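# Overview (structure and organization)
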Amino acid sequence: MVLVVTWDRVQQYFPSVDYKPTNMGDVTFQVALVTDWSLSYALVQYRVGHMTWRYPGRWYSVEMGVAKGSLTTFRPNVYSRTEYAYEIDKHFGNTGYKGYWVYELGKIPANATKTCQDWFRRNKVLKSERDAGFASLPRCPCSRRGIFRTLLNQWRFHRRDEQNHFKCYILNLARTGQFAPFGKECCYSTNPLKPDTLDMLITSPPFAGAALAFNPLVFAQEKLYDSEDRIPHVACCDHGSNKQCRQFYSLREIGKCDPNLSFQWAPLYGDTHITTLDGRQYLFNGLGEFTLVRLDTSTSI
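The structure contained in this document is the topic of the report that follows. (Residues numbered from 1 in each chain as written. Predicted model: local features only at pLDDT ≥ 70, side-chain atom pairs only at ≥ 80, totals over all residues. Heavy atoms only, no water.)

Our focus in this paragraph is the pairing of strand S9 (residues 183–189). The buried count for S9 comes to seven of seven residues, which makes it a mostly enclosed element. Pairing of S9 with strand S10 (residues 211–212), which is carried by two bridges, proceeds in the antiparallel orientation. Bridge pairing in S10 places Gly 183 opposite Leu 212. (Buried < 20%, exposed > 50% of the residue type's maximum accessible area, 1.4 Å probe, protein only. Helix = DSSP H or I, 4+ residues; strand = E, 2+ residues; numbered from the N terminus. Pairing = 2+ DSSP bridges.)

Rendered as structure tokens:
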């Protein structure tokens with residue numbers, strides 16, 4: 001069965017009531033949902049030359065990807081929330097063709113216990129080899145704020161689970177060459193009913209992030225990530241016993257977190273909104289010369 005949906009000349013939407021630019025172009029793209037009642041795929045075509053949205057600046061990002069039937073399973077495209085999303089028709093998709101992407105949406109699940117057991121058998125013989133690679137991976141920041149204060153673009157959003165209240169970030173594509181083929185996922189609590197752990201790294205099963213044998217941001221590794229990291233976690237921890245979940249994490253270590261931030265952000269924007277290095281926020285329109293930062297050191301930075 002095939003269901004085809006086309007979006008024709010779609011305008012940009014700006015949520016801000018104060019800034020709604022006009023003449024920002026339009027986009028035409030198409031999605032085909034394909035299934036044989038065993039496997040399901042989404043075929044997305046961003047028509048070359050018909051993605052003419054103009055980039056309005058980093059405050060207005062485009063989010064694209066697949067949700068697989070639920071926002072809790074949202075998986076973003078590699079260009080999601082970047083300026084490259086505005087020219088996605090000019091970039092090669094995971095099919096090898098410009099603007100053309102294929103996503104596996106799901107398949108009829110096999111027996112979860114057997115899936116977990118088979119995965120554990122074939123992966124335990126690789127433990128020592130992979131542990132050596134996992135040891136070189138950077139630690140997750142202890143809090144979600146640290147995600148945005150580490151080395152530039154080291155981490156990027158990966159997925160969220162609204163039902164269980166957490167968000168996960170993954171080692172960014174720009175950093176994978178140093179650690180290939182391995183990756184790492186860091187998951188943080190978003191549960192407002194537990195303020196003591198809000199935005200803190202989850203360090204215990206079944207929702208903790210872990211080292212990954214394959215980074216899914218690398219096109220050639222997406223299927224390996226699904227078969228060796230994501231699906232086994234679902235089988236062992238979402239549908240398996242506590243023992244099976246512990247076995248999964250014995251081969252995909254969580255690791256300790258890093259409490260030290262590489263540097264501190266002090267953003268300035270608008271007319272003028274200032275956040276100081278100690279976290280204080282100001283709205284300032286004064287005319288004159290002012291000292292924003294002074295370093296009392298002779299050490300170069």
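Quick look at the nonpolar core now. The nonpolar side chains of a soluble globular protein tend to be buried, and buried together. Counting 23 residues, the largest nonpolar core has Val 44, Tyr 46, Met 51, Met 64, Ile 88, Trp 101 and Tyr 103 as the members making the most contacts within it. At the level of secondary structure, the elements contributing two or more residues to this core comprise strand S2 (26–35), strand S3 (39–51) and strand S6 (100–107). Here this core gets four residues from one element, more than from any other, and that element is S3. Grouped together as the second largest cluster of nonpolar side chains are 18 residues, Cys 236, Cys 245, Tyr 249 and Ile 254 included. (Core = buried A, V, L, I, M, F, W, Y, C linked by side-chain atoms within 4.5 Å.)

Our focus in this paragraph is the environment of Val 44. Tracing the sequence through the fold places Val 44 in strand S3. With 14 residues separating them in the primary sequence, Val 44 and Gln 30 have C-alpha atoms 5.8 Å apart. Discounting residues that sit within four places of it in the chain, Val 44 has contacts with Gln 30, Val 31, Gly 99, Tyr 100, Trp 101 and Tyr 103. (Contact = heavy atoms within 4.5 Å.)

Further remarks concern the pattern of salt bridges. This model, assessed by the stated rule, comprises eleven salt bridges. For the salt bridge of Arg 121 with Asp 118, the shortest nitrogen-to-oxygen distance reads 2.9 Å. Separated by three residues within a single helix, Arg 121 and Asp 118 lie in helix H1 (residues 112–124), roughly one turn from each other. Looking at Asp 118, the relative accessible area reads 27%, which means it is partly exposed. (Salt bridge = Lys/Arg side-chain N within 4 Å of Asp/Glu carboxyl O.)

Time to look at the packing of H1 against helix H5 (residues 242–251). Direction vectors running N to C along H1 and H5 enclose 30°, while the axes themselves pass 11 Å from each other. It follows from the interaxial angle that H1 and H5 lie roughly parallel. Here H1 and H5 pass one another in a crossing that is left-handed. Residues Thr 113, Cys 116, Gln 117, Trp 119, Phe 120, Asn 123 and Lys 124 of H1 form the contact with H5, whose participating residues are Gln 244, Gln 247, Phe 248, Ser 250 and Leu 251. Grouping the amino acids of the contact of H1 with H5 by side-chain chemistry returns five nonpolar, six polar and one charged. (Axes fitted to C-alpha atoms, helices over the stretch in contact; angles between N-to-C directions. Parallel < 35°, antiparallel > 145°, perpendicular 65-115°, else oblique. Left-handed = near helix turned anticlockwise from the far one by under 90°. Nonpolar A, V, L, I, M, F, W, Y, C, P; charged D, E, K, R; others polar.)

With 13 residues, H1 should reach 18 Å at 1.5 Å per residue; the first-to-last C-alpha distance of 18 Å fits that figure. Three or more residues of H1 are buried, namely Ala 112, Cys 116, Trp 119, Phe 120 and Asn 123. Buried positions in H1, seen along its axis, are confined to an arc of 100° and lie on one side of it. Where H1 is buried, its residues meet helix H2 (127–134), helix H4 (222–238) and H5. Sitting at the amino-terminal end of H1 is Asn 111, which places a side-chain oxygen 3.0 Å from the backbone nitrogen of Thr 113. (Expected span 1.5 Å × (residues − 1). Arc of directions from axis to C-beta. Polar contact = N/O pair within 3.5 Å; in protein donor to acceptor, adjacent residues only side chain to side chain.)

Below, the discussion takes up the environment of Arg 159. Relative to the helices and strands, Arg 159 resides in strand S7 (residues 155–161). Here the alpha-carbon distance between Arg 159 and Ile 170, two residues eleven residues apart in the chain, equals 8.8 Å.

Everything listed is a geometric property; what it means functionally is a separate question.
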